[in-house]
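# Observations on chain architecture
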Amino acid sequence: MLAMFNKVLAVLISGVLLMEAANVDYMEAPKFTFPLFDLYSTSEQKPVHLETRVTPANDPNLTIKWFKNGQPLQTSLRITISFDNGVAVLYIHSAILADSGVYVCQASNTAGEATTRGVLSVTPI
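Description of the structure in this document. None of these values were measured; they are calculated from a predicted model. (Residues numbered from 1 in each chain as written. Predicted model: local features only at pLDDT ≥ 70, side-chain atom pairs only at ≥ 80, totals over all residues. Heavy atoms only, no water.)

Turning to the sheet that holds strand β4 (residues 39-43), a few remarks are in order. The five strands are arranged β4-β11-β10-β6-β7 in an open sheet whose pairing can be described as mixed. Only two strands of the sheet have a single partner each, and these edge strands are β4 and β7 (71-72). Bridge count between strand β6 (residues 63-68) and strand β10 (residues 101-109): six bridges; the pairing is antiparallel. Along β10, the bridge assignment pairs I64 with A107. (Pairing = 2+ DSSP bridges. Helix = DSSP H or I, 4+ residues; strand = E, 2+ residues; numbered from the N terminus.)

Structure below.
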């Protein structure tokens, strides 16, 4: 969580104590408080809902990215990606066999990075 506070700096110059307030930013690296499950199983044509929770939820510098088998994913006609109030969701509207693979959610900010992963197995109907 981005926490700002005033830190008082005191300097003694020629016997005169000068005090100055300085803004100090403290950043918290992302952390998954609810990681992805290890394995998700579904059949073709069914929806898939992958959800994870990450802190700091209200960090304006926090970015969320989703990957499948190491390749970045983006919202499309079949896939919806969202992030709201610390909840990251990847939703596949109708699974196909090619959706099987390793899914990774990556959270990053200026203080660090964290990932969580899960495997999706789609079976034919």
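With that settled, the discussion passes to unusual backbone geometry. Between T55 and the following residue, P56, the backbone shows a cis peptide bond with an omega angle of 0°. Relative to the elements of secondary structure, P56 occurs in the loop between β5 (48-55) and β6. Positive phi outside glycine occurs at N69, with the angle close to 50°. In this structure, N85 is a non-glycine residue whose phi angle is positive, near 50°.

What follows is about the pattern of salt bridges. Scanning the entire structure with this criterion turns up two salt bridges. R53 is the salt-bridge partner of E51, the closest N and O atoms lying 3.1 Å from each other. You can call R53 partly exposed: its relative accessible area is 38%. We note a salt bridge from R78 to D99, for which the minimum N-O separation is 2.6 Å. Of this pair, R78 sits in the loop between β7 and β8 (79-84) while D99 is found in the loop between β9 (87-92) and β10, placing the two residues 21 residues apart along the sequence. (Salt bridge = Lys/Arg side-chain N within 4 Å of Asp/Glu carboxyl O. Buried < 20%, exposed > 50% of the residue type's maximum accessible area, 1.4 Å probe, protein only.)

With two bridges joining them, β6 and β7 adopt antiparallel strand pairing. Bridge pairing in β7 links K68 to Q71. Between the end of β6 and the start of β7, which pair antiparallel, lie two residues, with N69 showing a positive phi angle near 50°.

Turning our eyes to something else, we now look at the environment of P47. Checked against the element boundaries, P47 lands in the loop between β4 and β5. The class of P47 is partly exposed, set by a relative accessible area of 45%. Counting along the chain gives 47 residues from P47 to S94, while the straight-line C-alpha distance between them is 4.8 Å. Among residues more than four places away in sequence, those in contact with P47 are T42, Y91, I92 and H93. (Contact = heavy atoms within 4.5 Å.)

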